[in-house]
Amino acid sequence: MNRVLLDTSVLITTVAPENVEAAISAASLAELHFGTLVAKDPDEGARRVQRLGVVEATFDPLPIDTAVVREWGRLAAAITERGGQPRRRAIDLAIAATANVHGVPLLTADNADFAIIDDLVDIRPFNATQP
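**Regarding the pattern of salt bridges**
Here the idea is simple: oppositely charged side chains can pair when their charged atoms come close.
(1) Moving on: Summed over the entire model, instances satisfying the criterion amount to six salt bridges.
(2) Moving on: Between Glu44 and Arg47 there is a salt bridge, and its shortest N-O distance comes to 3.0 Å. With a gap of three residues between them, Glu44 and Arg47 both fall in helix α3 (residues 42-58), about one helical turn apart.
(3) Moving on: Exposure remark for Glu44: the relative accessible area of 27% places this residue in the partly exposed category.
(4) Moving on: In this structure Arg47 comes out as partly exposed when scored by relative accessible area, which is 46%.
(5) Moving on: One salt bridge in this structure joins Asp119 and Arg82, with 2.7 Å as the shortest N-O distance. A residue pair is termed long-range when its members are at least 10 positions apart, and Asp119 in the loop between β3 (106-108) and β4 (123-125) and Arg82 in the loop between α4 (66-81) and α5 (90-102) qualify at 37 residues.
(6) Moving on: Residues joined in a network through salt bridges with shared partners are Glu44, Arg47 and Arg48.

The following block contains the structure:
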């Protein structure tokens, strides 16, 4: 079974990845909490709260610790050197840094979010339309 870190884009899909030992970053929980609070439609908000509850009950998130913060800095510097804006990608960088520190691939449905650093992070695409 392959170990992976799930990006938030995977956590919000209705299709679960198969044949993986999955973990999440605490940064993904932050994104999910934010999403519940900004939902404009009450039904969508309720769906997001329910999904958040499932994620919180399923995973013990990997923390944003000193090692992750150091790696975040390295990835942010690389983005800056490549002409990107790391502040716009702060949560994505925290998730990618978590994957790097723990030595696991990052499974994401949003490959474009990580394209600028795909040579520095082991990015694995996840197709949410196929089980």
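There's plenty left to go through after this.
**Digging into unusual backbone geometry**
(1) Moving on: Although it is not a glycine, Asn19 sits at a positive phi angle of roughly 60°.
(2) Moving on: Examined against the element boundaries, Asn19 turns out to sit in the loop between α1 (8-11) and β2 (20-24).
(3) Moving on: Assessed through its relative accessible area of 62%, Asn19 is described here as exposed.

**A few points about the packing of helix α2 (residues 26-38) against α5**
(1) Moving on: Two numbers describe how α2 lies on α5: the axes approach to 8 Å, and their chain directions differ by 150°. One element, α2, and the other, α5, form an angle in the roughly antiparallel class. Between α2, through Ala27, Ser28 and Glu31, and α5, the contact on the second element is made entirely by Ile91, Asp92, Ala94 and Ile95.

**Topic: the pairing of strand β1 (residues 2-6)**
(1) Moving on: The sheet contact formed by β1 and β2 spans five bridges and is parallel. Its bridge partner lying in β2, Asn2 is registered against Val20.
(2) Moving on: For β1 and β3, the ladder comprises two bridges, and the chain directions are parallel. Counted as the bridge partner of Leu6 is Leu107 from β3.

**Here's the deal with the environment of Arg48**
(1) Moving on: With respect to the element layout, Arg48 can be found in helix α3.
(2) Moving on: Sequence-wise, Arg48 and Val69 are 21 residues apart; in three dimensions their C-alpha atoms are separated by 28 Å.
(3) Moving on: With residues up to four places along the chain from it excluded, the contact list for Arg48 reads Gly35, Thr36, Val38 and Ala39.

About the thresholds
Residues numbered from 1 in each chain as written. Predicted model: local features only at pLDDT ≥ 70, side-chain atom pairs only at ≥ 80, totals over all residues. Heavy atoms only, no water. Salt bridge = Lys/Arg side-chain N within 4 Å of Asp/Glu carboxyl O. Helix = DSSP H or I, 4+ residues; strand = E, 2+ residues; numbered from the N terminus. Buried < 20%, exposed > 50% of the residue type's maximum accessible area, 1.4 Å probe, protein only. Axes fitted to C-alpha atoms, helices over the stretch in contact; angles between N-to-C directions. Parallel < 35°, antiparallel > 145°, perpendicular 65-115°, else oblique. Contact = heavy atoms within 4.5 Å. Pairing = 2+ DSSP bridges.

By themselves, these observations are geometric and do not establish any function.
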